[in-house]
Amino acid sequence: MRLTLRIWRQKDRNDPGGLQTYQLDDANEHMSFLEMLDVLNQHLIEKGDEPVAFEHDCREGICGACSLVINGVAHGPLSKTTVCQLHMRFFHEGQTITIEPWRAKGFPVLRDLIVDRSSFDRIMQAGGFIDVRTGAAPDANAIPIAKPTSDLAMDAAECIGCGACVAACPNGSAMLFVAAKASHLNLLPQGLPEKARRARAMVKQMEAEGFGSCTNFAECEAQCPKGISINFIAKLNRDFMKASLFPQGGGGKREA
Amino acid sequence: MKLDAKVPSGPLADKWTTYQDHLKLVSVKNKRKFSVIVVGTGLAGASAAASLSEMGYKVKAFCYQDSARRAHSIAAQGGINASKNYPNDGDSDFRLYYDTIKGGDFRSREANVYRLAQVSSNIIDQCVAQGVPFAREYGGLLANRSFGGALVSRTFYARGQTGQQLLLGAYSALMKEVGRGGVELHSRVDMQDLVVVDGKARGIVTRDMVTGEIKTWAADAVLLCTGGYVNVFYLSTNAKGCNATAAWRAHRRGAGFANPCYTQIHPTCIPQSGDYQSKLTLMSESLRNDGRIWVPKKQGETRAAVDIPENERDYYLERIYPAYGNLAPRDISSRAAKRMCDEGRGVGPTGRGVYLDFAEAINNFGEDVIRDRYGNLFEMYERITGEDPYKVPMRIYPAPHYSMGGLWVDYNLMSTIDGLFVLGEANFSDHGANRLGASALMQGLADGYFVIPYTLSAYLATVDQKAVSESDAEFKDTAQEVKSRIDGLLKVNGSRSVDSFHRELGNILIDKCGMSRSEEGLKEAIGKIGQLREQFHQDVRVLGEGTNLNQELEKAARVSDFFELGELMCYDALERRESCGAHLREEFQTEEGEAVRNDAEFAHAAVWEFTGDVSKPQLNKEPLTFETVKLATRSYK
Ligand SMILES: Cc1cc2nc3c(=O)[nH]c(=O)nc-3n(C[C@H](O)[C@H](O)[C@H](O)COP(=O)(O)OP(=O)(O)OC[C@H]3O[C@@H](n4cnc5c(N)ncnc54)[C@H](O)[C@@H]3O)c2cc1C
Ligand code: FES
């Protein structure tokens, strides 16, 4: 398989960067997209050129490290698939492929295709937890949780924190990530006491990190490799509204 | 090297409570004065860092990923064991303990394993309180399933992504403590060495993976929670970044390395498809409940699977192990698959694969039932291989998956260096020569949430050590050694890439020190690895600089340590003249190819000491004694 690759190269945070073109003649359809890049990098090293830096770790679609925009789409053409699980048989002989990093104000580029996503961790530090100390937990079956509620919380909890939602959004909004994280906990009885505080704190930190606002493009849902639903954004908006109406309240008691 | 396991006296079931009742405590006011370094933010590291910070210690945590949430624990699928006995099917602490110690082929320390079973229930409570969405029944209570051949249902799970959900729980606790100011978290930071002062672990040296800055950090104790080392084989189910550097550097500074040759090769992974292959993907073992494993009877068969008639197929597991058939344990199934491929009867483009066939199950139950049971696994298989397992049999092959070996620790999880504690997969403790499914997640969280908060406190309450700072000579000297090592790698400017060396090392190891070993093969491997290591240091090509983000440099430093560890694995395998757990020594097997264990000579942990010369490690032994179990032969016929 022969390919023309246009890849974003940028030495560091301060370098303006730009697209460079490479020819690759020995890709094959069984390779994963990242293995195709590995092969390109081996050729670059042989020639004495520095290899392309890109982020990856598990290569199983679960750690959320891989983060490439392929021909304008976060994680590439296959829906509900991270780029590490995307295989070359979804591309064709002679194709030109453009590969860029996540682009958003909240995600500055560190090198080539690698961006700084530490803003997500800071949002989590603001409120993405249930305040329980080690050793202070009641028996796990003390609070029964209806299966549909628990399943819905699990749907939200499937978010792998890759940031594709931000890269996909024309506004660079992080609402899908924040909504998934807050909803996972806000849906569960264990998370209710801190629900209002959590919604306020996480949204506030998201704004401080320079992410854009959500205007319902829904591109985030379309490009999310885990198919997280934008209904969670509506839920977060509701939780946030209530939290703003009753700023002193914990929020838990007011729920029907 | 002195190996005192410090197991408390008294009956097995009372050891841990007696220990807790009598341990020395650090006063609330004094806790703030102690600082602790935690390297690693997987299940073991995140749970330890969060718990210690809640107690009041000053914690600094480190990980090489961009976020603590991406530690490799995230990838675990199947589940986590606990002796809750919610299904009322007769489970108990003792039964969980017994299954684990037997599964490990009687090569683990009794007291540690019993404690693990005792705290397992607390783990589930803790995780649920944090919001971990475990699977539930319609009545709203937690669901369980059976796993890994256990006779009871004790495995808790969350939609095939148990690891992610447990880690998100531990990570959220860690984020809470970072937000509160109790933990200082450093991501994209690679630990490169351990600083030892007056024989005690007092700090670490790190490389900032974005700026290349080499930095030192001082503390009162150091916890390594840095995961397993099966990436030494190059191809494994581990994440690409998993490495042995932290453990190996600690070993070179005096920490004993126990049972390095104990690695687990998981039977059901997608086979390699070509030389470019970068990792292997695990397929859940549950598939063996309905799939039948076979290879063609004829060597060098070229027909497609569906064209091979029934009477020309060899369902070898059913043939050799009629009682267990396709559900024979991990080690037995893996070895049998290798034997078939060695005989030239392997399938697929590389000849290293066996069929896992669902045709009969689909015939019996219908495609819908099979889709319902394994739909997402079939989808994943098709996404990766492009083949539809409803129509053609899957191809599977064993792959390195887990390291039971690791740094030696005593009952307190302290290594042979005072003040250096080792948690999770990085230590050697609880799984003996073979780990059972769903028990690694349990061990990581047990170590971090429920063991180290006690044992570290006991250490800090009694240790007598002077204050140290990053400007002390020991810190500066160690940092200087790290700098020289990194400059050395950059200076070689040879002709071969890091990956090409790593692949070659991996091939030697999987062939000679994988599922089955022989004296002859191991000696050959030792020679080859030594030569290759020398070549690596003379001919590796690492481009770019040390002062910015340089992924080749990161890899080179790791591979250079893998070379040394790989050699030690071979010495260890050579020394262990018995077949046990996941490992067959070819000289020690029955006529039918079954493992022959030798309890008289090898009921010990082999603990290796670094002597200054990689090729002359010193062996020490911790004898394993068993008070409550009888050493039995595992038979699955
Ligand atoms: C595909 C797969 C499926 C599995 N499924 C199951 C299962 O179903 N049930 C089960 O019980 N077990 C399972 N396991 C095993 C289990 O997941 C691991 O053993 C366990 O998660 C290890 O946890 P840990 O905290 O010890 O290490 P890890 O989670 O690997 O964490 C290591 C940490 O150390 C850091 N680190 C490493 N080196 C350095 C360094 N030099 N400098 C700085 N930081 C460093 C990393 O950044 C990371 O934070 C599975 C394993 C795999 C590979
Ligand atoms: S590398 Fe982990 S999700 Fe892609």
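About the thresholds
Residues numbered from 1 in each chain as written. Chains lettered and ligands numbered in written order. Predicted model: local features only at pLDDT ≥ 70, side-chain atom pairs only at ≥ 80, totals over all residues. Heavy atoms only, no water. Domains from an automatic or database assignment. Contact = heavy atoms within 4.5 Å. Buried area = accessible area lost by both parts, 1.4 Å probe. Salt bridge = Lys/Arg side-chain N within 4 Å of Asp/Glu carboxyl O. Polar contact = N/O pair within 3.5 Å; in protein donor to acceptor, adjacent residues only side chain to side chain. Helix = DSSP H or I, 4+ residues; strand = E, 2+ residues; numbered from the N terminus. Nonpolar A, V, L, I, M, F, W, Y, C, P; charged D, E, K, R; others polar. Near = heavy atom within 4 Å. Core = buried A, V, L, I, M, F, W, Y, C linked by side-chain atoms within 4.5 Å. Buried < 20%, exposed > 50% of the residue type's maximum accessible area, 1.4 Å probe, protein only. Pairing = 2+ DSSP bridges. Axes fitted to C-alpha atoms, helices over the stretch in contact; angles between N-to-C directions. Expected span 1.5 Å × (residues − 1).

Q: Explanation requested: the domain arrangement of chain B in the structure shown.
A: A common measure of how large an interface is: the accessible area buried when the components associate. Residues and elements named next belong to chain B. Here the domain parsing of chain B yields domain 1 (266–400) and domain 2 (475–602). Spacing between the C-alpha centres of domain 1 and domain 2 amounts to 30 Å. Tallying the contact residues gives 12 residues for domain 1 and 12 residues for domain 2. At the boundary of domain 1 with domain 2, total buried surface from both sides reaches about 900 Å², with 51% on carbon and sulfur atoms. Among the residues of domain 1 in contact with domain 2, Asp331, Arg335 and Lys338 are the three that bury the most area, contributing 55% of the side total. In this assembly, domain 1 and domain 2 are joined by 0 salt bridges. In this assembly, domain 1 and domain 2 are joined by 3 residue pairs in polar contact (both at pLDDT 80 or more). Elements supplying a minimum of two residues to the side of domain 1 that touches domain 2: helix 9 (330–342) and strand 15 (394–403). For the side of domain 1 that touches domain 2, the leading source of residues is helix 9, giving 6 residues. Of the residues belonging to the side of domain 1 that touches domain 2, the class tally is 5 nonpolar, 2 polar and 5 charged.

Q: Even after reading the chapter, I still don't get the site of ligand 1, so can you show me in this structure?
A: Residue and element names in this part refer to chain B. The full set close to ligand 1 counts 36 residues, and Thr41, Gln65, Ser73, Met191 and Glu425 are the nearest of them. Here a nitrogen atom of ligand 1 sits 3.4 Å away from a polar atom, N or O, in the main chain of Gln77. Within the backbone of Gly79, an N or O atom sits 3.0 Å from a nitrogen atom of ligand 1. Counting only elements with at least two residues in the shell around ligand 1, the list comes to helix 3 (43–55), strand 6 (189–197), strand 15 and helix 12 (440–462). The class makeup of the residues in the shell around ligand 1 is 16 nonpolar, 17 polar and 3 charged.

Q: Help me understand the nonpolar core in this model?
A: Side chains of nonpolar character tend, in soluble globular proteins, to be buried together. All names here are of chain B. In terms of nonpolar packing, the biggest core is built from 202 residues, with Ile80, Phe134, Leu223 and Leu224 touching the most fellow members. Looking at which element gives the most residues to this core, the answer is helix 16 (residues 551–575), with 13 residues. Setting aside residues up to four positions removed in sequence, Leu223 forms contacts with Val36, Ile37, Val38, Val39, Ala48, Leu52, Phe421, Leu423, Ile452 and Leu456.

Q: It is not clear to me how the sheet that holds strand 10 (residues 257–258) of chain B should be interpreted in this structure. Could you clarify?
A: For sheets, the rule is that strands pair by backbone hydrogen bonds, running either parallel or antiparallel. All names here are of chain B. Strand order in the open sheet formed by 4 strands is 16-10-20-21, and the pairing between neighbours is antiparallel. The sheet is open, and its two borders are formed by strand 16 (406–407) and strand 21 (618–623), each paired with just one other strand. Pairing of strand 10 with strand 20 (residues 604–609), which is carried by 2 bridges, proceeds in the antiparallel orientation. In the sheet register, Ala258 faces strand 20, and the bridge partner there is Val607. Across the sheet, helix 16 is in contact with strand 10, strand 20 and strand 21; its angle to strand 20 comes to roughly 140°.

Q: Which parts of the structure should I look at to understand unusual backbone geometry?
A: Glycine aside, residues mostly have negative phi, and peptide bonds are mostly found in the trans state. Positive phi outside glycine occurs at Asp112 of chain A, with the angle close to 45°. Position of Asp112 of chain A among the secondary structure elements: in the loop between strand 6 (109–111) and strand 7 (114–115). You can call Asp112 of chain A buried: its relative accessible area is 2%. Despite not being glycine, Asp105 of chain B shows a phi value in the positive range, around 60°.

Q: Help me understand the environment of Asp239 of chain A, please; the structure alone is not making it clear to me.
A: Residues and elements named next belong to chain A. As for its placement among the helices and strands, Asp239 is situated in helix 8 (residues 231–245). Taking the C-alpha atoms as reference points, Asp239 and Arg197, separated by 42 residues in sequence, lie 9.6 Å from one another. Setting aside chain neighbours within four positions, we find Asp239 in contact with Asn186, Lys195 and Ala199.

Q: Even after reading the chapter, I still don't get the sheet that holds strand 7 (residues 200–208) of chain B, so can you show me in this structure?
A: All names here are of chain B. Ordered by their spatial adjacency, 3 strands build an open sheet running 6-7-8, and the pairing between neighbours is antiparallel. Each edge of the sheet is formed by a strand with only one pairing partner; in this case those strands are strand 6 and strand 8 (214–218). Strand-to-strand, the axes of this sheet are offset by a mean angle of 25°, without reference to chain direction. Here strand 6 runs beside strand 7; their pairing, made up of 8 bridges, is antiparallel. Directly across from Asp190, in strand 7, lies its bridge partner Arg207.

Q: Can you help me understand the domain arrangement of chain A in this one?
A: Residues and elements named next belong to chain A. Domain annotation of chain A identifies domain 1 (3–111) and domain 2 (118–245). The centre of domain 1, based on its C-alpha atoms, is set 29 Å off from the matching centre of domain 2. The interface of domain 1 with domain 2 comprises 18 residues on the first partner and 17 residues on the second. For the pair domain 1 and domain 2, the two sides together bury roughly 1300 Å², of which 62% comes from carbon and sulfur. Between the two partners, domain 1 and domain 2, sit 4 residue pairs in polar contact (both at pLDDT 80 or more). The residue inventory of the side of domain 1 that touches domain 2, partitioned by class, reads 9 nonpolar, 6 polar and 3 charged.

Q: Quick question: what am I supposed to make of helix 6 (residues 162–180) of chain B here?
A: The α-helix winds at 3.6 residues per turn, so residues separated by three or four positions along the chain end up facing the same way. Between its terminal C-alpha atoms helix 6 of chain B stretches 27 Å, which fits the 27 Å expected from 19 residues at 1.5 Å a residue. Counting buried residues along helix 6 of chain B, 17 of its 19 residues qualify, which places the element largely inside the surrounding structure.

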